[in-house]
Protein chains: 2
Amino acid sequence: MNHGTALLWKRRALSSLSATRRGLPKEKMTENGVMSRAKVLTIDTINPTVKKVEYAVRGPIVQRAVELERELSQGMKKPFAEVIKANIGDAHAMGQQPITFFRQVLALCSYPELLSDNTFPEDAKSRACRILQSCGGHSMGSYSASQGIDSVRKDVARYIERRDGGVPCDPDDIYLTTGASDGIVTMLKLLVSGEGATRTGVMISIPQYPLYSAALAELGAVQINYYLNEDKCWSMDIPELQRALDEAREYCNPRALCIINPGNPTGQVQSRECIEDVIRFAAKERLFLMADEVYQDNVYADGCQFHSFKKVLFEMGPEYSETVELASFHSTSKCYMGECGFRGGYMEIINMDNEVKAQLTKLVSVRLCPPVPGQALMDLVVNPPQPGEPSYDSFIKERTATLSALAEKAKLTEQVLNTVQGISCNPVQGAMYSFPRITIPEKAVKEATEQGQQPDMFYCMKMLEETGICLVPGSGFGQKDGTYHFRMTILPPTDKLKILLDKVKEFHQKFTQQYS
Amino acid sequence: MNHGTALLWKRRALSSLSATRRGLPKEKMTENGVMSRAKVLTIDTINPTVKKVEYAVRGPIVQRAVELERELSQGMKKPFAEVIKANIGDAHAMGQQPITFFRQVLALCSYPELLSDNTFPEDAKSRACRILQSCGGHSMGSYSASQGIDSVRKDVARYIERRDGGVPCDPDDIYLTTGASDGIVTMLKLLVSGEGATRTGVMISIPQYPLYSAALAELGAVQINYYLNEDKCWSMDIPELQRALDEAREYCNPRALCIINPGNPTGQVQSRECIEDVIRFAAKERLFLMADEVYQDNVYADGCQFHSFKKVLFEMGPEYSETVELASFHSTSKCYMGECGFRGGYMEIINMDNEVKAQLTKLVSVRLCPPVPGQALMDLVVNPPQPGEPSYDSFIKERTATLSALAEKAKLTEQVLNTVQGISCNPVQGAMYSFPRITIPEKAVKEATEQGQQPDMFYCMKMLEETGICLVPGSGFGQKDGTYHFRMTILPPTDKLKILLDKVKEFHQKFTQQYS
């Protein structure tokens, strides 16, 4: 665009605006005699990128579920007695109990007078003292450093070193965050630049967790879809990554590759070999890697194991470990603790340019600091009771019970769903969800299309209305054209999960019959 | 820009990129034989709006303060024994004690086993039970609704009604937030649209709280400065608002007007009359009002009173109350509680278009929910112990003690600073800061300029190095050209504040002498 064009464009814009901008505000008299002014902020004048944001996990189906709950509580008759929200990985809401030790320490930090209460175990007290000593004025009510409390970041670094078999971790590379979402959005924000064909593109898996598509829409970045291979248990294929990248290079500037492992919504656990391939691909194609590893303790299937991207990167030697830029994300919300409400999390950044890091530190300082109780909780997650400490046995018992139950429920879900004709479910190797493929009869697809709905949204809405079960349609996460899925958490207590699965089965059979 | 121009522009962009985008990544061999790849994310390729962000409250001077603290702790000799961070409104870090009742309830919510502990007062227990009953699975570890816990929003609405003498408040208009900052940034995000001469402009006071300039820079919106009148105790002048607006209309589309009352960094409390004038101005000029009212309980000066924008708006009759769009922000971080670390807050939106509200609700759902402990705390702030409840007396005693001490310190600060020749300080009518004007000798201005520093940054850096006192230079908040200021919190305990003020006095005299 040359200078002349720019001027012309500016003049046009000015002239089209002059009526409203130079004149008086638009006003008209309403019936009751009040001058009604046109609103400043309307759907036509709102930030257009905000309009593009979608977030299925809390979309229309969940709003309807909340309405149904209200109607039930008002005594309205429904074909079910309760709404079961299997739409979101919200462990405590599903009855999972918090880890006692964590909550004891949080109570002590909240109200330090309890430190003289002899019913609290000594290790909880000493942990609370240590956290409080790192807080300004020894209070969780103080702001922390914007990057997070120093001692917590040190504990995170030591945790990562233990997890990754000794690969070194610098606390300076750790940023505590308000849940993992905050870290992911912040990293994406740094990466977005350019306009038109030079606009930043970010590769995300399809199916994906819709935080990614929502954040990219809001930032005005280009979403580049690569498909997971459903036939190979949702694994990543390098040729598919290459296809997506090559196509995207025609219209944007691909700069980052996001991976969710263990997978959300798809529940797969990527193999070490696959991760190596992905790292090689990112190195070759100069892509910034973003590894969403919030389900790192949620691995259930035999033969599956969590491999952090960082560990694999460092084991591949300096050609990779000294060059590939990586951000990895963790959270207090998942794994065995499921403490979503505290909004704790961290990110580790590897090989980030020092000037960029300074910009990141500046950027996070504007929001002052992540919530301190969430930081305290993150500290407990990375530094739980040790052998010999009074709370060790009960901690291990509670953690094991939760993770075993999840493993059992993962298997149960897969098994039951696969008994239903028209439902086919990959093993839930990890994370907290099953993402089965469902066959939707032609007639139902037609009816949905006529109603302007995605067929799996139509299916899930019907299930909600008839059974009270709230699932998220696959279309909210993305899926191959012509395939349909839903995401269901495996979190309900085993007894309830069995009932839920039976209801899903029954509904699917009825639905199929109705539309055949 | 016509189609041909767009194509040409796209082709140029593609061709300039083709070397890196089509060829292999840039590589070179380093000394130790590792192929060094150019980084994906560098200061040249980072999001350009991020680079523009500045945030003085945690800027270079605070980084130096942290370094000095470290050096002191390592035994290095300094001309002072401790660093006093008077740069930020961080009450607990300055030794202010939390409200006992609030922390008791938070401890009970964190570890509900304590509900059977008889040392806790009954009202704290019943309040904790009520909060937990509103949480999924009765746990603060569950996600809440994205807009915030229903019962908390109801309590907020009742609080606002009491505060505003019965003006009605709909809980549906309340959004709980992660501190006030979160709400402010979210509202600004909704308002930003257009390009070039149609780009959204937002009016902010100068001096301002730098969250505003930082958020506007990040969002790529146009910052429109209106100056507060220092000679009239930092009041708002309508002619000055008009001047700023008229000038801005030449190059952007002004859509919102932000007010901080009580003022940060300037400590003024706006009169009812002034607020009326501002509302009339916003109505006439069709501006969305954003009222930052986080210091609503921090009013000290005789004859001053906090008037909420909402109350004044409603008292001005339907011509205003039914048309002017307003968002008002509050927080758990300030007032008498000072619970910054919990990141609690709310915003109330008035006269927002329904479609816009749906977009807002969708937007906040992407981040799932504000931290639940912060929501719980917000609930306690808006619903504290009532007369007749066991904790009422101690609550009132603690609150009064904190607010009286603040009032005393506000007066003390003004008085001592005004005894110094070359420092002139408006009354600290409210909030938590003094923002005195300082005379900086020509010689010092020259030396600062030679070093590429703002003169008041030069002054504050010197003060930090010589006295250990960390203040924020006025240039970080904006000020009239040729005037210099600093922001200092009044939060240190009275004894310490006295020492601090004496040191400031002594430093200023020495500095003036040195550069005269």
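Residues numbered from 1 in each chain as written. Chains lettered and ligands numbered in written order. Predicted model: local features only at pLDDT ≥ 70, side-chain atom pairs only at ≥ 80, totals over all residues. Heavy atoms only, no water.

Asker: It is not clear to me how the interface of chain B and chain A should be interpreted in this structure. Could you clarify?
Answerer: Interface size, as often reported, equals the accessible area lost upon joining of the parts. The interface of chain B with chain A comprises 118 residues on the first partner and 117 residues on the second. Between the two partners, chain B and chain A, sit four salt bridges. In this structure, A:Arg367 engages B:Asp182 in a salt bridge whose closest nitrogen and oxygen atoms are separated by 3.9 Å. Seen at the junction of chain B and chain A, the total is 52 residue pairs in polar contact (both at pLDDT 80 or more). The element that contributes the greatest number of residues to the side of chain B that touches chain A is helix H1 (residues 3-22) of chain B, accounting for eight residues. Partitioning the side of chain B that touches chain A into residue classes produces 56 nonpolar, 31 polar and 31 charged. (Contact = heavy atoms within 4.5 Å. Salt bridge = Lys/Arg side-chain N within 4 Å of Asp/Glu carboxyl O. Polar contact = N/O pair within 3.5 Å; in protein donor to acceptor, adjacent residues only side chain to side chain. Helix = DSSP H or I, 4+ residues; strand = E, 2+ residues; numbered from the N terminus. Nonpolar A, V, L, I, M, F, W, Y, C, P; charged D, E, K, R; others polar.)

Asker: I tried to follow the sheet that holds strand E9 (residues 326-331) of chain A on my own but got confused; where do I start?
Answerer: Strands in a sheet are paired, the pairing made by backbone hydrogen bonds, and the direction either parallel or antiparallel. Residue and element names in this part refer to chain A. What the seven strands build is an open sheet, ordered E4-E10-E9-E8-E7-E5-E6; its pairing is mixed. Only two strands of the sheet have a single neighbouring strand rather than two, namely strand E4 (174-178) and strand E6 (222-227). If you compare each strand with its neighbour and ignore which way they point, the axes differ by 25° on average. Sheet topology places E4 next to strand E10 (residues 344-350); five bridges connect them, and they run antiparallel. Across the sheet, the residue bridging to Thr178 is Gly344, located in E10. Against the sheet, helix H6 (residues 150-163) touches E4, E9 and E10, its axis set at about 110° to E4. (Pairing = 2+ DSSP bridges. Axes fitted to C-alpha atoms, helices over the stretch in contact; angles between N-to-C directions.)

Asker: What is the right way to look at helix H5 (residues 122-133) of chain A in this model?
Answerer: Residue and element names in this part refer to chain A. The first and last C-alpha atoms of H5 sit 16 Å apart over 12 residues, in line with the 16 Å expected at 1.5 Å per residue. Residues of H5 that are buried: Asp123, Ala124, Lys125, Arg127, Ala128, Ile131 and Leu132. On the buried face of H5, the contacting elements are helix H4 (100-110), helix H14 (372-382) and helix H15 (392-418). (Expected span 1.5 Å × (residues − 1). Buried < 20%, exposed > 50% of the residue type's maximum accessible area, 1.4 Å probe, protein only.)

Asker: It is not clear to me how the domain arrangement of chain A should be interpreted in this structure. Could you clarify?
Answerer: Residue and element names in this part refer to chain A. On domain assignment, one finds that chain A holds domain 1 (52-95 + 400-514) and domain 2 (122-382). Of note, the centres of domain 1 and domain 2, computed from C-alpha atoms alone, are 28 Å apart. On the domain 2 side, the residues contacting the 34 residues of domain 1 number 35 residues. Here domain 1 meets domain 2 over a buried area of about 2,800 Å², counting both sides, of which 59% is carbon and sulfur. Looking at the side of domain 1 facing domain 2, the largest losses of area belong to Asn426, Gln429 and Ala431, adding up to 23% of the total buried there. Along the contact surface separating domain 1 from domain 2 lie one salt bridge. We note a salt bridge from Glu230 to Arg437, for which the minimum N-O separation is 3.7 Å. Our count for the contact surface shared by domain 1 and domain 2 stands at 15 residue pairs in polar contact (both at pLDDT 80 or more). Every element with two or more residues in the side of domain 1 that touches domain 2 is listed here: H15, strand E12 (433-434) and strand E16 (484-489). Looking at which element gives the most residues to the side of domain 1 that touches domain 2, the answer is H15, with five residues. (Domains from an automatic or database assignment. Buried area = accessible area lost by both parts, 1.4 Å probe.)

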